[in-house]
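# Observations on chain architecture
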Amino acid sequence: MADETQIEEMLEYIWILEENDGKAVSSCIGDKFGEDIANTYITEMVEKQLINLSDREIAFTKAGKKRAEMIIRRHRIAERLLNDVLEMRGEEFERGACQFEHFVNEEIVASICTLLGHPEVCPHGNKIPQGECCLSAKKNLEPVISPLSLIKAGKKVKVVYISTKSHASLDRLTGIGVIPGLELTIHQKFPSMILQYGETQLALDNDIAKNVYVRIIQS
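First things first, this report covers the structure right here in the doc. As the structure is a prediction and not an experimental result, all values here were calculated from the model. (Residues numbered from 1 in each chain as written. Predicted model: local features only at pLDDT ≥ 70, side-chain atom pairs only at ≥ 80, totals over all residues. Heavy atoms only, no water.)

## Overview of the overall build of the protein chain
When helices and strands are counted, the protein chain shows 9 helices and 9 strands. By principal-axis analysis of the C-alpha atoms, the protein chain measures approximately 60 × 35 × 30 Å. The burial tally for the protein chain puts 44% of its 219 residues in the buried class. Taking contacts inside the protein chain between residues at least 6 apart in sequence as the whole, the part at least 24 apart equals 67%. If you sum the accessible surface of the protein chain, you get close to 12300 Å²; carbon and sulfur atoms cover 49% of it. In the protein chain, the 26 positive side-chain charges and the 33 negative ones have mean positions that sit 9 Å from each other. (Helix = DSSP H or I, 4+ residues; strand = E, 2+ residues; numbered from the N terminus. Buried < 20%, exposed > 50% of the residue type's maximum accessible area, 1.4 Å probe, protein only. Contact = heavy atoms within 4.5 Å. Areas by Shrake-Rupley, 256 points an atom, 1.4 Å probe, with all protein chains shown as cover. Lys, Arg positive; Asp, Glu negative; His and termini not counted. Charge placed at Lys NZ, Arg CZ, Asp CG, Glu CD.)

Laid out in structure tokens, this is it:
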């Protein structure tokens, strides 16, 4: 594995350790990559001022955190693309996302992010770091995937994913059958949103509809 690719893999793993455990220690890097490789690259990353090492605990420098954030963003945007648009699963899905994170430039990532409607979480529910495109009100491309709340009445859509930390909202959606893969028509937007699928019609609060991301399949 090329040096820079190996460094990016380690920065990505350090980010995930911090995200999941609150801190990253060098022994975890050794367990993941092997002691010799970990020691070599930890030393190199310290020399490159990407991380600081103190009592086996690793902390990002400003430059290291920025680079790790870009890698994580590329990987998770790739996951959304492969999962939501290309409908890839399993080993092919994971391998594709890992390859994508090392070779795609930021302009392409921003275009894909816009195309997907600036997703906030990956298919595993992990937060996707925002890019400049997410912060800008100006959008250059029509999103392929949008919140259900923004879709006009009469459109037929397919639920791609649900982004909510509210168990109550998730239980409500699951209970009424609004899950990824469901195809439905927006029968009415006002005074309340009415959805129809099969012989079923139901009302959905706009606040909950904001968390349901869909792809238009029939205008």
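There is more to say, and it comes next.
## A few points about the environment of His-124
On the secondary structure map, His-124 appears in the loop between helix H6 (106-115) and helix H7 (132-135). Once residues lying within four places of it in the same chain are set aside, the contact partners of His-124 are Glu-79, Phe-93 and Glu-94.

## Observations concerning the sheet that holds strand E5 (residues 156-162)
Read from one edge of the open sheet, 6 strands run E4-E9-E5-E6-E7-E8, paired in antiparallel fashion. Each edge of the sheet is formed by a strand with only one pairing partner; in this case those strands are strand E4 (145-147) and strand E8 (200-204). Strand-to-strand twist of the sheet, defined as the mean angle between neighbouring strand axes without regard to direction, takes the value 45°. (Pairing = 2+ DSSP bridges. Axes fitted to C-alpha atoms, helices over the stretch in contact; angles between N-to-C directions.)

## Thoughts on the side chain of Ser-26
Here Ser-26 lies in helix H2 (residues 26-33). Look past the residues within four positions of Ser-26 in its chain and what remains in contact with it is Ile-42, Leu-53, Arg-56 and Ile-58.

## Comments concerning the sheet that holds strand E1 (residues 24-25)
Overall, antiparallel pairing links the 3 strands, which are arranged E1-E3-E2 in an open sheet. Both edges of this open sheet fall to E1 and strand E2 (51-54), since each of them pairs with a single strand only.

## Here's the deal with the pattern of salt bridges
Scanning the entire structure with this criterion turns up 7 salt bridges. Lys-48 is the salt-bridge partner of Glu-4, the closest N and O atoms lying 3.6 Å from each other. On the criterion of sequence distance, the pair formed by Glu-4 in helix H1 (residues 3-21) and Lys-48 in the loop between helix H3 (35-47) and E2 is long-range, its members being 44 residues apart. For Lys-48, a relative accessible area of 39% puts it in the partly exposed group. (Salt bridge = Lys/Arg side-chain N within 4 Å of Asp/Glu carboxyl O.)

## Let's talk about the packing of aromatic side chains
For the coordinates displayed, the defined rule picks out 3 aromatic pairs. With 5.9 Å between their ring centres and 85° between their planes, Tyr-13 and Phe-33 make a pair best called edge-to-face. Here the residue Tyr-13 occupies a position in helix H1, and Phe-33 occupies one in helix H2, the gap between them amounting to 20 residues. For Phe-33, a relative accessible area of 18% corresponds to the buried category. (Phe/Tyr/Trp six-rings, centres within 6.5 Å; stacked < 30°, edge-to-face > 60°.)

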